[in-house]
Amino acid sequence: MKKLPRNQLDSLFAALSGLQKLYIPSDDASGQAKFTVYEPGMTLTKNLNTVRSAKDLFFPQVENLMGFKVTGKQLELIETRDVTEPFVLFGVRACDCRSFEILDKVFLAEPVDTYYQTRRENGLIVSMACTRPEETCFCAAFDIDPAAPAGDVSCWMDEENLYWQANTEKGETLTAGLSMLADCDAEAVESQQAATREIMQKLPLASLDLSAFGAGKTKELFSRPEWNQLSEACLGCGTCTFVCPTCQCYDIQEFNNGKTVRRFRCWDSCMYSDFTRMSAGQPRPTQLERFRQRFMHKLVYFPDNNKGCFSCVGCGRCLAKCPIHMNIVKVIKTLGEGTK
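Keep in mind that this is a model prediction, so the values were computed, not measured. (Residues numbered from 1 in each chain as written. Predicted model: local features only at pLDDT ≥ 70, side-chain atom pairs only at ≥ 80, totals over all residues. Heavy atoms only, no water.)

Undergrad: Explain helix H1 (residues 9-19) to me, please; I cannot follow it from the model alone.
TA: When H1 is considered as a whole, its buried residues turn out to be Leu9, Leu12, Phe13 and Leu16. Along the long axis of H1, the arc covered by the buried residues comes to 95°, so they all point the same way. The inward-facing, buried residues of H1 abut strand S1 (2-5), strand S2 (21-27), strand S6 (87-92), strand S8 (153-157), strand S9 (161-166) and helix H4 (169-176). (Buried < 20%, exposed > 50% of the residue type's maximum accessible area, 1.4 Å probe, protein only. Helix = DSSP H or I, 4+ residues; strand = E, 2+ residues; numbered from the N terminus. Arc of directions from axis to C-beta. Contact = heavy atoms within 4.5 Å.)

Undergrad: Would you mind going over the sheet that holds S8 with me for this structure?
TA: Here we have eight strands laid out as an open sheet, ordered S3-S2-S6-S7-S8-S9-S1-S10, and mixed in their pairing. At either margin of the open sheet sits one strand with a lone partner, and together these are strand S3 (33-37) and strand S10 (182-183). Pairing geometry for S2 and S3, over five bridges, is antiparallel. Across the sheet, residue serine 26 finds its bridge partner in S3, namely lysine 34. Across the face of the sheet, helix H3 (residues 114-122) comes into contact with S6 and strand S7 (123-128) while running at roughly 60° to S7. (Pairing = 2+ DSSP bridges. Axes fitted to C-alpha atoms, helices over the stretch in contact; angles between N-to-C directions.)

Undergrad: Help me out: how do you make sense of the nonpolar core in this one?
TA: What tends to happen in soluble globular proteins is that the nonpolar side chains get buried as a cluster. Counting 46 residues, the largest nonpolar core has Phe138, Phe213, Trp227, Phe291, Leu299, Ile328 and Val331 as its most contacted members. At seven residues, the largest contribution of residues to this core is made by helix H9 (residues 287-305). For phenylalanine 291, the contacting residues outside a window of four places in its chain are Trp227, Leu230, Ser231, Cys234, Met271, Met326 and Val331. By size, the runner-up hydrophobic cluster in this structure holds 22 residues, among which are Phe13, Val126, Val153 and Leu178. (Core = buried A, V, L, I, M, F, W, Y, C linked by side-chain atoms within 4.5 Å.)

Undergrad: Would you mind showing me how to read the pattern of salt bridges here?
TA: Pairing is possible between side chains that carry opposite charge, provided their charged atoms lie close to one another. Under the defined criterion, the tally for this structure stands at 13 salt bridges. For the salt bridge of arginine 52 with aspartate 56, the shortest nitrogen-to-oxygen distance reads 2.7 Å. Salt bridges sharing common partners tie together Glu63, Asp113, Arg119 and Arg265. (Salt bridge = Lys/Arg side-chain N within 4 Å of Asp/Glu carboxyl O.)

Undergrad: Please explain the sheet that holds strand S4 (residues 62-71) as it appears in this structure.
TA: Paired through backbone hydrogen bonds, the strands of a sheet run either parallel or antiparallel to each other. The antiparallel open sheet is built from four strands, whose spatial order is S5-S4-S12-S11. Lying at the two open borders of the sheet, with one neighbouring strand each, are strand S5 (74-78) and strand S11 (250-256). The sheet shows a mean angle of 25° between the axes of neighbouring strands, taken without regard to direction. Two elements, S11 and strand S12 (residues 261-267), share seven bridges in a ladder whose sense is antiparallel. Across the sheet, the residue bridging to phenylalanine 255 is arginine 262, located in S12. The sheet contacts of H3 involve S4 and S12, and relative to S4 the element is tilted by about 135°.

Undergrad: Looking at this structure, I do not really get the side chain of aspartate 268. What am I missing?
TA: Positionally, aspartate 268 belongs in the loop between S12 and H9. Despite being buried, aspartate 268 has no salt bridge partner; arginine 284 is the closest side chain of opposite charge, sitting 9.5 Å away. (Lys, Arg positive; Asp, Glu negative; His and termini not counted.)

Undergrad: How should I be thinking about H3 in this particular structure?
TA: Helical geometry: 3.6 residues make up each α-helical turn, so side chains three or four residues apart lie on a common side. Of all the positions in H3, only Tyr115, Tyr116 and Arg119 are classed as buried. Buried residues of H3 fall within an arc of 95° about the axis and therefore sit on the same side. The inward-facing, buried residues of H3 abut S4, S6, helix H2 (94-107), S7 and S12. Between the side-chain oxygen at the start of H3 and the backbone nitrogen of tyrosine 115 there is a gap of 3.1 Å, and the oxygen is on aspartate 113. (Polar contact = N/O pair within 3.5 Å; in protein donor to acceptor, adjacent residues only side chain to side chain.)

Here it is in structure tokens:
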């Protein structure tokens, strides 16, 4: 374990940005937190979470795939993917750290998505423990401990110091290049962890019960009458999918400027009426079917295919951002209560 006086954070950020490109969670002009390339004088956000997750750095909202140029009968392929340089992502919360494990199961399974793989290989995660979990947090339901985040490096911060612990070989290598870090014991960190865990036990969603969900629950849940009531207020806006750290749906499109064709992918949402539309029509034509698909995937289908792993990390972003306050917690509570 190592530590750094909190008033020397700028020196740490300067050193990190001198080694690799550095992203930190900082507030924009509207006061919303997002991961931003560090510049001298930039400060950490006081918000618990960024509006959009750290997923953006590994699976961007819009990403070039390739280009084409046609000359007569000749087709030329053009490399358009962005060059990924090594980077450090600082201040990732425990819930977002878990989201990378979920995305890995999708993008690193065969056939491997080399665009995502390159970013994961070049990215180094420095996590930050939570000290003031919010009422929308329910990560503990998925066995995530916000007081002990994963990552290549784990950090804790109190009023006086930043505490730093390397967890992986990448983290050890980075730590070796930071001479301003001093050795210390773990007493202060352990005290903070105990306080955070005590707060988690008192949160409104601390007792959220997932026992009705998971692998093998499709038959019990798919035709439940509560889906109609749950879905009728949904606007199909897709906000929940865009702030979610584990959603991975995308569309592939092409843009022709008359000389070359650019093929790119962009985020899509299973909540949209034209999602996966084919020449034969829409496989899920009603909002009820689309709504059910989203939550069944998170709570049943993904666990079915991934040894029981849920595709939700309890970050609470969808609870905070849904314009009609319909979210995965209401689904869990409504369907869960109906099974008792």
